[in-house]
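Residue strings, one per chain:
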Amino acid sequence: MIVITAPTGNIGHQVLDRVLASDRPVRVVVRDPAKLPAAVRDRVEVVAGSHGDPAVLDAAFAGAGTVFWLLPTDRRAATAEDAYTGFTRPAAEALRAHAVARVVDVTALGRGTPWAGRAGHVTASLAMDDLIAGTGVAFRALALPGFMDNLLRQARAIKEQGVFLDMLPADLRLPAVATRDVAAVAARLLLDGSWTGQESVPLLGPEDLSYADMAAVVSEVLGTPVVYRRIPAQALREYLTGAGSSPGMAQSLLDMMTAKENGLDAGVVRTARQAIDTPTTFRQWCEDVLKPAVLAA
């Protein structure tokens, strides 16, 4: 039995679709089963509730061989530690109790870098990985940079104002990955019952890009000028708290961005294997995903 958490999210639904293309039995943990397409509900076993709930996990992990663990980050949590390790602690207990063999999770780049211990969300995510690894399961942590898909949050601003915003320098080149590539790697691991041990699996995308680079590509794909505008950290903090983030979670995100500016994502060298695993270029992603979203915004 393969258990998939957060199956209606951006990554989770893509993982679920790929796993369902096989003939393996699948169980999903979902707060609102009505959000699953009817065709999907007919093909999976559904455990309704939060995968932070010990009772829900007890039902979900019974008889499970492999689990896909995807954290639904709680922006209202008091701290990132509460949102990550606090939420995951019941899962660690359930993994032990049900002798689950394998876990694949979604985490972040940065382990082993000087900023790993002061990178907000990333620091908490790495601690979450340690909690899972401590159960003794065979474990693959998909270590990710920023998502290309994050730009979808600003589709309306791109369409109406020709601009997107963040707090990083315009010329800072960083890796970026498409969530569809992450989902493909996750599904492959979930369907492979042969791997053992515990490893981090960096997924870097095919190239490093700055926001200035991205703006140029977006402009070409959309056929209209689009620029990147850097905003002060305080402006981002005010936006986050105004949108419902707790002060602690807002600060955690700012700490992560500061760490990225100072080398958090530079601790892994891109290899040929990573290029094969994450082949989607930013230009191709813009053509396939961003352009339709902007047109529909």
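Use the structure listed above.
Scope of this entry: the structure provided in the associated data block. This is a predicted model, so every value here is computed, not measured.

About the thresholds
- Residues numbered from 1 in each chain as written.
- Predicted model: local features only at pLDDT ≥ 70, side-chain atom pairs only at ≥ 80, totals over all residues.
- Heavy atoms only, no water.
- Pairing = 2+ DSSP bridges.
- Helix = DSSP H or I, 4+ residues; strand = E, 2+ residues; numbered from the N terminus.
- Axes fitted to C-alpha atoms, helices over the stretch in contact; angles between N-to-C directions.
- Contact = heavy atoms within 4.5 Å.
- 1 Å grid on protein atoms, 1.4 Å probe; cavity = no way out; pocket = protein on both sides within 12 Å on 5 of 7 lines; lining within 4 Å.
- Points joined across faces, edges and corners; volume = space filled by probe spheres on them.
- Salt bridge = Lys/Arg side-chain N within 4 Å of Asp/Glu carboxyl O.
- Buried < 20%, exposed > 50% of the residue type's maximum accessible area, 1.4 Å probe, protein only.
- Phe/Tyr/Trp six-rings, centres within 6.5 Å; stacked < 30°, edge-to-face > 60°.
- Lys NZ or Arg CZ within 6 Å of the ring centre and 35° of its normal.
- Left-handed = near helix turned anticlockwise from the far one by under 90°.
- Core = buried A, V, L, I, M, F, W, Y, C linked by side-chain atoms within 4.5 Å.

This paragraph deals with the sheet that holds strand β5 (residues 102–108). Judged by pairing direction, the sheet is parallel, and its seven strands sit side by side in the order β3-β2-β1-β4-β5-β6-β10 without closing on themselves. Where the open sheet ends on each side, the last strands, each with one partner, are β3 (45–48) and β10 (198–202). If you compare each strand with its neighbour and ignore which way they point, the axes differ by 20 degrees on average. Each of β1 (2–5), β4 (66–69), β5 and β6 (138–144) touches helix α7 (residues 179–191); the most contacted strand, β6, lies at about 175 degrees to it.

Counted under the stated rule, the structure contains one cavity of 30 Å³ or more. As for the largest cavity, its lining consists of F61, V67, W69, A91, L95, V103 and I132. Every element with two or more residues in the lining of the largest cavity is listed here: β4 and α4 (80–97).

Right, let's get into the pattern of salt bridges. Here the structure, examined in full by the defined rule, presents 12 salt bridges. Note that E45 and R27 form a salt bridge whose closest N and O atoms lie 3.0 Å from each other. Of this pair, E45 sits in strand β3 while R27 is found in strand β2 (residues 26–30), placing the two residues 18 residues apart along the sequence. With a relative accessible area of 37%, E45 lands in the partly exposed category. Relative accessible area serves as the criterion here: at 7%, R27 is assigned to the buried category. A single network of salt bridges, built from pairs that share partners, joins R188, R273 and D277.

Moving on, we come to the packing of aromatic side chains. Aromatic rings considered in pairs are described by the distance between their centres and by the relative angle of their planes. Taken as a whole and assessed by the stated rule, the structure comprises five aromatic pairs. Relative to W285, the ring of F282 lies with its centre 5.9 Å away and its plane at 25 degrees, an arrangement referred to as stacked. Of this pair, F282 and W285 both sit in helix α12 (residues 282–296), separated by three residues, roughly a single helical turn. Linked through ring pairs, F164, Y211 and Y228 together constitute an aromatic cluster. Cation over ring: R102 sits above W195, and NZ or CZ is 5.7 Å from the ring centre. Sitting over the face of the ring of W115, R118 holds its NZ or CZ atom 4.0 Å from the ring centroid.

A few words on unusual backbone geometry. The backbone phi angle of A6 is positive, close to 50 degrees, even though this residue is not glycine. By secondary structure assignment, the location of A6 is in the loop between β1 and α1 (12–20). Although it is not a glycine, A99 sits at a positive phi angle of roughly 50 degrees. Examined against the element boundaries, A99 turns out to sit in the loop between α4 and β5. Under the relative-accessibility criterion, A99 is labelled exposed at 61%.

What follows is about the side chain of H121. Position of H121 relative to the elements: it lies in helix α5 (residues 121–133). Taking the relative accessible area as the measure of exposure, H121 reaches 11% and is therefore buried. Among all residues touching H121, those that are not within four sequence positions of it are T73, A80, Y84, M249, S252, L253 and M256.

The geometry of helix α3 (residues 54–61) relative to α4 is characterised by a closest axis approach of 9 Å and an angle of 35 degrees between their N-to-C directions. For the pair α3 and α4, the crossing hand works out as right-handed. In contact with P54, L57 and F61 of α3, α4 contributes P90, A91, A94 and L95.

Let us look at the nonpolar core. With 40 residues, the main nonpolar core has I158, F164, V218 and F282 as its most contacted residues. Tallying contributions element by element places helix α8 (residues 211–222) first for this core, with seven residues. For F282, the residues in contact, after removing those within four places along its chain, are M148, L151, E207, L209, M214, V217 and V218. Counting 32 residues, the second-largest nonpolar core is a separate cluster that includes V28, L36, L144 and L189.

A regular strand carries its side chains on alternate faces of the sheet. Burial of strand β9 (residues 174–177) is two-sided: the residues L174 and A176 facing one way and the residues P175 and V177 facing the other way are all buried. Relative to β9, strand β7 (residues 146–147) runs parallel, the two sharing two bridges. For F147, the partnering residue across the bridge sits in β9 and is V177. Here β9 runs beside strand β11 (residues 208–209); their pairing, made up of two bridges, is antiparallel. Bridge pairing in β11 links P175 to D208.

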